[in-house]
Amino acid sequence: DLPLELPGPHGLEKAGLLNKTKIAEGGRKLRKNWNVSWVVLAGNSLAFYKDPKTQSPASWKPACSKPESSMDLRGALLTWTRDMSSKKNVLHLRTVTGNEFLLQSDNEAVILEWYQTIKNVIERLLNQ
Ligand code: I3S
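Residues numbered from 1 in each chain as written. Predicted model: local features only at pLDDT ≥ 70, side-chain atom pairs only at ≥ 80, totals over all residues. Heavy atoms only, no water.

Colleague: A description of the site of the ligand should follow, citing residues and the corresponding values.
Modeller: Arg31, Lys32, Trp34, Ser85, Ser86 and Lys87 make up every residue found near the ligand. Residue Lys32 places a side-chain N or O atom 2.6 Å away from an oxygen atom belonging to the ligand. In the environment of the ligand, an oxygen atom lies 3.3 Å from a nitrogen or oxygen atom belonging to the side chain of Lys87. For the ligand, whose free accessible area comes to 510 Å², the fraction covered by protein is 45%. (Near = heavy atom within 4 Å. Polar contact = N/O pair within 3.5 Å; in protein donor to acceptor, adjacent residues only side chain to side chain. Areas by Shrake-Rupley, 256 points an atom, 1.4 Å probe, with all protein chains shown as cover.)

Given below as structure tokens:
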């Protein structure tokens, strides 16, 4: 058996802090609310956790903390967007169920890596 920490089809692909806002739920537009999120890409899904820095150390236990929300990347669309926000380096992610998120980082290298990694996972899932 493979050790659990090895990256693989159902393992951890990437994790890090990004600015995030949900802009639609089931096709219905939502009011933007940008927040710093701890984003974890693992297996078929992208999960969003509260920024650990905004919580007291005592209340944040990675092992037992539940994501605030998560999304299935199967059939999802990922594109760069310049019209959906005044911010730079913004990614637009839409699930098959019509949930839409914007992901952003002021650091271009950081957002480029996220773009590539999410794109690769979406493609891999299409070929499964
Ligand atoms: O697309 P919008 O409506 O211009 O998005 C901005 C608003 O959500 C704004 O909040 P309020 O209008 O509720 O105060 C946010 O503070 C901005 O960050 C949003 O625009 P950007 O361009 O930052 O995504």
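Colleague: Lay out the confidence of the model for the chain with the relevant residues and their values.
Modeller: Per-residue confidence for the chain gives a mean pLDDT of 88, with 82% of residues at or over 70. Contacts for the low-pLDDT stretch residues 1–6, under 50 throughout, to residues beyond four places or in other chains number zero contacts. Both scores are available for the predicted complex, with the pTM at 0.87 and the ipTM at 0.88. (pLDDT = per-residue confidence, 0-100. Contact = heavy atoms within 4.5 Å.)

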